[in-house]
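Listed below are the residues making up each chain.
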Amino acid sequence: MPDDLYGGWAGFETAPMTRGAIACGNPDAAEAGVEVYRAGGNAIDACVAAAFAMGVVEPLDSGLGAGGFMVLHHAATNSTTCLDFMGTAPANARYEIFPAVDPTGDYAIKVKGRANEDAHTSVAVPGAAAGLCLAIERFGALDRRAVMAPAIRLGREGFTVAAKSALRMKRSERLLDLTAECRRVLKRPDGTVRQAGDHMKMTDYAASLELVAERGAQVMYTGALAQAIAEEMRAAGGFLTAEDLAGYAVVHRTPPKGRYRGHELSVMAPPSSGFLVASALGALERAGVPDTDKGRAEALARVMLAMFERRRVGLGDPGFVPVKLDGESTETTSLSAIDAEGNGCTITFSNNNHSGVVVPGTGILLNNQMRLFHPWPGSPNSVAGGKRPASSMMPSLIVADGKAVLSIGASGATRIPTAILQILFHHLGRGLPLNEAVREPRLHAEEDTLMSDADYEPIASAVATELGLTYRAHPGRDPMMASCQSISVNADGTTTAAGDPRARAQGRVV
C-alpha cells in the first residue's frame, strides 16, 4: 500500500526480539512499554504500563475512569486467561425512554435528555484500575510502582498532544464543555480545544495514578478516589453510588477458542464480540474464498452481516443471559505485547465517548459506558444493576507450543470486530506479512449498510449493490475504520510489532 495513504507514517518494526514487543496507539505510550521491558518487566507489565500511559496521553479514550477487557497468556503456567473489567451498571440506573421521529423521518427510541450518553447519569462503574492492577499483581514481574512510573511521569512533566488525540478533542468539544472541571482539565486555559503539537500536563491525574500505585486499586473503590467519585455523583444526580464502587469486581473468564488455518485463536469471552469473529473466520475457511479482490470483499461482507445479526439477537452479559457459543467463538484504546519468554497480553479499554465529567481534583475523566446498553427492557443487553454491556472490544491471542505468537486488538466501535477479522484473514489466510495486512483497505458491513475506505470504492460499492446494501465511502485512511495494534512472531524468528498507521500508532521491538 503506498505510503502516501498514511502521510509516510510506518509505525511498525520487524526485528529479532530479545526482551519483548509492544504495539499501541501513541509513541509515548509505546516508549512506556519499552522502558518497563528494559527494567525487567514481562509482556503483561509492558502492556499495562502502556495502558496507564495511554490514559494520560489520550485521556478522552481511556484511563482510570474506563472499563474494558484483557486476554493474557502466562508462559510459566501455560495458561490463557480473560480478565473482564468492563464497567457495570449502577444498581439504581433507570432511563425514561420515548419513541420519536427524527427530521429525516426515521423512527427511533430515545432516552430523555440523552441521560444514557451525557454527564453523570451515563457513568458506569469504572473497572480499569481493578483490571490493570490485578493483571500485574497476578502475572507481572514488576511491582505497581515500577509499572506505573512512566505514566505518572508523563502526567507530571507533560507530553506533546498527538494528532489522533487532537482530532478526538475537536470532535468531542460539546462533551468537553459539559462540566467546568472537564473544560479546566482538558481544554486550553483560554477555553479553546487543544491542537496537535501542544504541550499538555495532567498533574491532577498523575496524583491519582500515584495514589493507585502506592495503595492499590482499592483506592478507586473504597478509598479517597472512590469518595471523590461518589460525592460528585451525589451532588449532580448521577446513579453511581459508593456501594456500587465498593461492590465492583473483575471477572475471570475462560477464553473461547477458534481455529483458522491451523492456528488456535483465544478471544475475549462474552459480553465481548470476540467469539463471533472466531466463528466468522471458521466460516470463511469452510466456505472457501475466491482469490480475487471482489471475491474476498464479498465473502468478508457476508460473514460480517451474519456476525452482527447474531450479536443483535443474542449477546449480553453471561451473568444475566445465556450466550450460545456455537462455532468456536466508539472510542477506545487497544494495546498488544509479547515477550521473549512467550508471555502475551492484549488490552482493549474505553471511556466509550466519555461522559464529560472530570471528578474535581482528581483529573479522572469518567466513561459513558451506560450508552452501550439497550435502554429498553427485554433485550439480552438491557440495563440491570451490576450488569456489563455487550461490547465490540475483542482483544485476542494466538498461542502455539505454550507461547504467545500473535496478539491483536483494536479501537473503533463496531468496526473493531470487522477490522480484526480482515487483518487475520489477510495475515493468516492470505499469508501477507502482518504490517501489510494492517495496511490493506477495509470495509465494514452492518445491517443495511456497507462502508469502506474511499480508495476501495470500485470494489466495495459493487459488492454493496450485489448484496442489496446502501454504500458509503469514508474519505482518507483514518481511525474511523478502526485502529488495530498487533504483534506476530514470524517463522524466521523475527517479531513484527505493527501500530496502525491510521492512528499514527507505534510498534516497538526490543
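Read on for an overview of the structure.

Time to look at the packing of helix H2 (residues 43–57) against helix H3 (residues 128–139). To characterise two packed helices, one gives the angle between the axes of the helices and the distance between these axes. Where H2 meets H3, the axes come as close as 9 Å, and the angle between the chain directions of the two elements is 160 degrees. With respect to H3, the axis of H2 lies roughly antiparallel. For the pair H2 and H3, the sense of crossing is left-handed. Of H3, the residues touching H2 (which contributes Ile 44, Asp 45, Val 48, Ala 51 and Phe 52) are Leu 132, Cys 133, Ala 135, Ile 136 and Phe 139. Looking at side-chain class alone, the contact of H2 with H3 contains 9 nonpolar, no polar and 1 charged residues.

Spatially, 3 strands are ordered S18-S19-S20 in an open sheet, and the strand pairing comes out mixed. Among the strands making up the open sheet, the edge pair consists of strand S18 (443–446) and strand S20 (470–474). Direction aside, the axes of adjacent strands within the sheet are offset by 15 degrees on average. Relative to S20, strand S19 (residues 449–453) runs parallel, the two being bridged by 5 bridges. For Asp 453, the partnering residue across the bridge sits in S20 and is His 474. Here helix H15 (residues 457–467) sits on the sheet in contact with S19 and S20, set at roughly 175 degrees to S19.

Take the packing of aromatic side chains next. The full count for this structure, using the stated rule, is 3 aromatic pairs. An angle of 80 degrees between the planes, with centres 5.5 Å apart, marks the rings of Tyr 95 and Phe 239 as edge-to-face. Here Phe 239 lies in the loop between helix H9 (224–236) and helix H10 (242–246) and Tyr 95 lies in the loop between strand S4 (79–85) and strand S5 (97–101), a separation of 144 residues in the sequence. In terms of burial, Tyr 95 and Phe 239 fall into one category: buried.

Relative to the helices and strands, Ala 124 resides in the loop between strand S6 (107–111) and H3. In this structure, the C-alpha to C-alpha distance between Ala 124 and Ala 89, residues 35 residues apart in sequence, is 5.1 Å. With residues up to four places along the chain from it excluded, the contact list for Ala 124 reads Gly 87, Thr 88, Pro 90, Leu 240, Asn 367, Gln 369 and Met 370.

Turning to the side chain of Arg 253, a few remarks are in order. Mapped onto the elements, Arg 253 comes out in strand S9 (residues 251–253). A residue is classified by how much of its surface remains accessible, and Arg 253, at 15% relative accessible area, is buried. There is a polar contact of 3.0 Å between the side chain of Arg 253 and the side chain of Asp 84.

Further remarks concern the nonpolar core. Formed by 86 residues in total, the largest nonpolar core has its most connected members in Val 48, Met 70, Leu 186 and Ile 347. If you tally residues by element for this core, the top one is H2, at 13 residues. Beyond its immediate chain neighbours, meaning those up to four positions away, Leu 186 contacts Pro 59, Leu 60, Met 169, Leu 176, Arg 194, Met 200, Met 202, Val 358 and Leu 365.

Turning next to the sheet that holds strand S21 (residues 483–489). Strand order across the open sheet formed by 7 strands is S1-S22-S21-S17-S16-S11-S10, with antiparallel pairing between neighbours. The sheet is open, and its two edges are formed by strand S1 (12–16) and strand S10 (257–260), each paired on a single side. Shown here is a sheet whose adjacent strand axes are inclined to one another by a mean of 20 degrees, direction ignored. Bridging between strand S16 (residues 396–400) and strand S17 (residues 403–411) involves 5 bridges; their strand directions are antiparallel. Residue pairing for S17: Ile 398 is matched across the bridge by Leu 406. Against the sheet, helix H13 (residues 415–429) makes contact with S10, strand S11 (263–267), S16, S17 and S21, and its axis sits at roughly 140 degrees relative to S17, the strand it touches most.

Together, Ile 97, Ile 109 and Trp 376 make up an exposed nonpolar region whose accessible area comes to about 230 Å². For Trp 376, the position within the fold is in the loop between strand S15 (364–365) and S16.

Where H2 contacts helix H4 (residues 144–157), the two axes come as close as 8 Å, and the packing angle between them is 15 degrees. Here H2 lies roughly parallel to H4, going by the angle between them. Crossing angle aside, the handedness with which H2 passes H4 is right-handed. Judged by residue contacts, Asp 45, Val 48, Ala 49, Phe 52, Ala 53, Val 56 and Val 57 of H2 engage Val 147, Met 148, Ala 151, Leu 154 and Gly 155 from H4. Across the contact of H2 with H4, the residue classes tally to 10 nonpolar, 1 polar and 1 charged.

Take the pairing of S17 next. With respect to burial, S17 is a largely interior element, 7 of its 9 residues being buried. In this structure, the hairpin formed by S16 and S17 is closed by a connection of 2 residues, where Asp 401 is found at a positive phi of approximately 55 degrees. Judged from the 6 bridges that link them, S17 and S21 form a sheet pairing that is antiparallel. In the strand pairing of S21, Ala 410 is matched with Cys 484.

Let us now look at unusual backbone geometry. The amide bond that connects Pro 270 to the next residue, Pro 271, takes the cis arrangement and shows omega of 20 degrees. Residue position: Pro 271 is located in the loop between S11 and helix H11 (274–287). Positive phi, normally seen in glycine, also occurs at Ala 482, with a value near 85 degrees. The residue Ala 482 is located in the loop between S20 and S21 in this model.

Below, the discussion takes up the pattern of salt bridges. Scanning the entire structure with this criterion turns up 34 salt bridges. When the shortest N-O distance is used, the salt bridge between Arg 184 and Asp 204 registers 2.8 Å. Of this pair, Arg 184 sits in helix H7 (residues 180–186) while Asp 204 sits in helix H8 (residues 203–215), and the two are 20 residues apart along the sequence. For Asp 204, a relative accessible area of 24% corresponds to the partly exposed category. One salt bridge in this structure joins Arg 477 and Asp 455, with 2.6 Å as the shortest N-O distance. Of this pair, Arg 477 sits in the loop between S20 and S21 while Asp 455 is found in the loop between S19 and H15, placing the two residues 22 residues apart along the sequence. Residues joined by salt bridges that share partners form a network here, namely Arg 114, Glu 117, Asp 118, Arg 174 and Arg 371.

The rules behind the values
- Residues numbered from 1 in each chain as written.
- Predicted model: local features only at pLDDT ≥ 70, side-chain atom pairs only at ≥ 80, totals over all residues.
- Heavy atoms only, no water.
- Axes fitted to C-alpha atoms, helices over the stretch in contact; angles between N-to-C directions.
- Helix = DSSP H or I, 4+ residues; strand = E, 2+ residues; numbered from the N terminus.
- Parallel < 35°, antiparallel > 145°, perpendicular 65-115°, else oblique.
- Left-handed = near helix turned anticlockwise from the far one by under 90°.
- Contact = heavy atoms within 4.5 Å.
- Nonpolar A, V, L, I, M, F, W, Y, C, P; charged D, E, K, R; others polar.
- Pairing = 2+ DSSP bridges.
- Phe/Tyr/Trp six-rings, centres within 6.5 Å; stacked < 30°, edge-to-face > 60°.
- Buried < 20%, exposed > 50% of the residue type's maximum accessible area, 1.4 Å probe, protein only.
- Polar contact = N/O pair within 3.5 Å; in protein donor to acceptor, adjacent residues only side chain to side chain.
- Core = buried A, V, L, I, M, F, W, Y, C linked by side-chain atoms within 4.5 Å.
- Patch = residues over 30% accessible without salt bridge, like charges linked within 9 Å, V, L, I, M, F, W, Y side chains within 5 Å.
- Areas by Shrake-Rupley, 256 points an atom, 1.4 Å probe, with all protein chains shown as cover.
- Salt bridge = Lys/Arg side-chain N within 4 Å of Asp/Glu carboxyl O.

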